[in-house]
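Geometric and topological summary
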Amino acid sequence: MKTIVEPKKYIVNLWGKQRIKETDVYRLMRYVLRVDHEGKVLLHNAVTGQLAELSREEAAMLEKLPAVYDPVMEQLAAGHFLVREGFDEYKSVHQLRRIYKSRFTGKAITHYVILPTTFCNAHCFYCYESDHPRVQMTEETAGKLIDYIDEHRQGKRISINWFGGEPLVGLRRIDQISQGLMDREIPFASAMISNGYLFDEEIVERSRELWKLQRVQITLDGTEDTYNRVKAYADVQDNPYQRVLRNIDLLSGKGIHVKIRLNADVYNQDEIRKLIEELGERYSGQSHVTVYLNTLFDGQGYQPVHHSYDDILALMDFNADCTERLKEMKLHFDDIKYPYLSFSQCMADNPHAVMIQPDGSFCRCEHESIHDRYGSLEEGVTDPGKLDRWNETMEPSDICPECPIYPACYHLRHCMNNGLPCIERFRVSALEKQKEQILSMYGNGMEADVE
Ligand code: SF4
Ligand code: SF4
């Protein structure tokens, strides 16, 4: 057996080495995916992340499983690719998660989602924040936030995601917090979710130098006329669509990665296809601009979006078609993650993350910010029960325990994005993505970055 991608050390340390008994019967572990590629047999272990290329003898042995121990099984059994009959890998996954979360997470808070404001200069009809109160962060609250970051990072580097409202409406607080971190020599980098309209040359320069901005996500809802109508910006003198494209050029020209998100629904598919072609002409092959499709399924926080089962299937096909086209144009944002045992879904259950509202209160999920406050910069954590709620998980299908990618597929019970059951099409597409990732790692070999 040749290891192509090493297993995660901390998972191996938790799981230990499998003790082999010569009298036991062995079978393939349920969470191992086999990929046959150009005459080679590859096995990926979705718990440890190890990717192995089998020798001819090992590949032949696979065909005879389940089978009594044979020395040719040695390495595969040690790496938990093979387990003895009667082993419960589903239970093991749960145990590993529990042990990891109780022993190894530490107390440092290193990832911040900060809302300098909930005001926005656009008025998108689908915005889930449209009924939220409008609040600007004060200079005093921003000062307390700098202290909080300094006190809770435990010497570690921090990352910030600026969010809103439109974060650029709270520009002064972004300046203040970034300057405060620099003055205290706290290493940090930032990303932003923005509509992109308020950038100009000077702000782009500042965002690179002062805010340490590395990535911006900007949503386009359609081509020029549609975009300008949907965004309905307040007080504009110019053409917002053209201005946002110019700003994407400015940002990417300074090496800041722009991830363009296209909101697709059953009603705007022609428009999205046209937009993809336009973006292809403008950005194809540029390393700092990528595009991805966000399909507006039910329960994703946009209102009012309710789809029939047929609509959902049609949207999946549409998404797959557009993704192919984006790949052809070398524009596609590849969000496939190399799979191994996951311990959290997002910032909501990440013990090292916190979302800070403009009034200094803490919450964990951008879609539940109003009802989900569990403390504040002044009081610390006041409602630990709300934090615990975000640790509850769910399995979207009865067959999850049997699914080869189960260890890497993690769903929070209270996440509104997890409203859809995992129908066969989702599963097949998730498996295809995993195979794609495995083959790309196989191509890149041991040097690939799997962190
Ligand atoms: S949600 Fe679907 S893809 Fe994920 S483990 Fe369950 S069945 Fe598999
Ligand atoms: S819980 Fe769901 S909706 Fe909330 S931040 Fe996480 S992924 Fe987003």
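Residues numbered from 1 in each chain as written. Chains lettered and ligands numbered in written order. Predicted model: local features only at pLDDT ≥ 70, side-chain atom pairs only at ≥ 80, totals over all residues.

**Things to note about the sheet that holds strand β2 (residues 25–28)**
Pairing in this open sheet of three strands is antiparallel, and the strands run β6-β2-β7 from one edge to the other. Here the strands that pair on one side only, and so sit at the sheet edges, are β6 (67–68) and β7 (82–84). One ladder, built from three bridges, connects β2 with β7; its direction is antiparallel. Along β7, the bridge assignment pairs R27 with V83. (Pairing = 2+ DSSP bridges. Helix = DSSP H or I, 4+ residues; strand = E, 2+ residues; numbered from the N terminus.)

**Here's the deal with the site of ligand 2**
As a structural note, the neighbourhood of ligand 2 is formed by Q345, C346, M347, A348, C365, E366, H367, L412, C415, M416 and N417. Residues of the shell around ligand 2, tallied by class, amount to seven nonpolar, three polar and one charged. (Near = placed C-beta within 6 Å. Nonpolar A, V, L, I, M, F, W, Y, C, P; charged D, E, K, R; others polar.)

**So, the sheet that holds strand β3 (residues 32–37)**
Across the sheet, four strands lie side by side as β1-β5-β4-β3; this open sheet has antiparallel pairing. Across the chains shown, the open sheet's two edge strands, defined by having one partner strand only, are β1 (2–5) and β3. Between one strand and the next, the sheet's axes are offset by a mean angle of 25 degrees, whatever the strand orientation. Relative to strand β5 (residues 51–53), strand β4 (residues 40–45) runs antiparallel, the two being bridged by three bridges. (Axes fitted to C-alpha atoms, helices over the stretch in contact; angles between N-to-C directions.)

**With respect to the pairing of strand β10 (residues 188–194)**
Buried residues dominate β10, accounting for five of its seven residues. Note that strand β9 (residues 158–162) and β10 share five bridges and pair parallel. Directly across from S159, in β10, lies its bridge partner A189. Of the crossover connections in this fold, the one passing from β9 over helix α6 (residues 171–183) to the parallel β10 is right-handed. When β10 meets strand β11 (residues 213–220), the two strands line up parallel, connected through five bridges. Residue pairing for β11: I193 is matched across the bridge by Q217. Traced from β10 through helix α7 (residues 201–209) to β11, the parallel crossover comes out right-handed. (Buried ≥ 20, exposed ≤ 12 C-beta atoms within 10 Å, placed from the backbone. Right-handed = clockwise from strand over helix to strand, strands pointing away.)

**Some thoughts on the domain arrangement of the chain**
Examined at the domain level, the chain breaks down into domain 1 (2–103) and domain 2 (112–328). Using C-alpha coordinates to define each centre, domain 1 is positioned 41 Å away from domain 2. (Domains from an automatic or database assignment.)

**Side note on the environment of M182**
Here M182 shows up in helix α6. Looking at M182, the number of C-beta atoms within 10 Å reads 15, which means it is partly exposed. Each C-alpha atom, one on M182 and one on V354, is 20 Å from the other, the two residues being 172 residues apart in sequence.

**Details of helix α5 (residues 139–152)**
Because an α-helix packs 3.6 residues into every turn, residues spaced three or four apart end up facing the same way. A rise of 1.5 Å per residue sets the reference length of α5, with its 14 residues, at 20 Å; its end C-alpha atoms lie 20 Å apart and thus fit the reference within 8%. Turning to α5, the residues buried within the fold contact β8 (111–114), β9, α6 and β14 (353–356). Remark: Q154 follows α5 within two positions and exhibits a positive phi of approximately 50 degrees. (Expected span 1.5 Å × (residues − 1). Contact = placed C-beta atoms within 7 Å.)

**Regarding the nonpolar core**
Within the largest apolar cluster, 61 residues are counted, with the highest numbers of intra-cluster contacts made by Y112, I114, V258, I260, L262 and I356. Excluding residues that lie within four positions of it along the chain, V258 makes contacts with V216, I218, I248, L251, S252, H288 and V289. Formed by 26 residues, the second largest nonpolar core is a distinct cluster that contains Y26, L43, I438 and M441. (Core = buried A, V, L, I, M, F, W, Y, C linked by C-beta atoms within 7 Å.)

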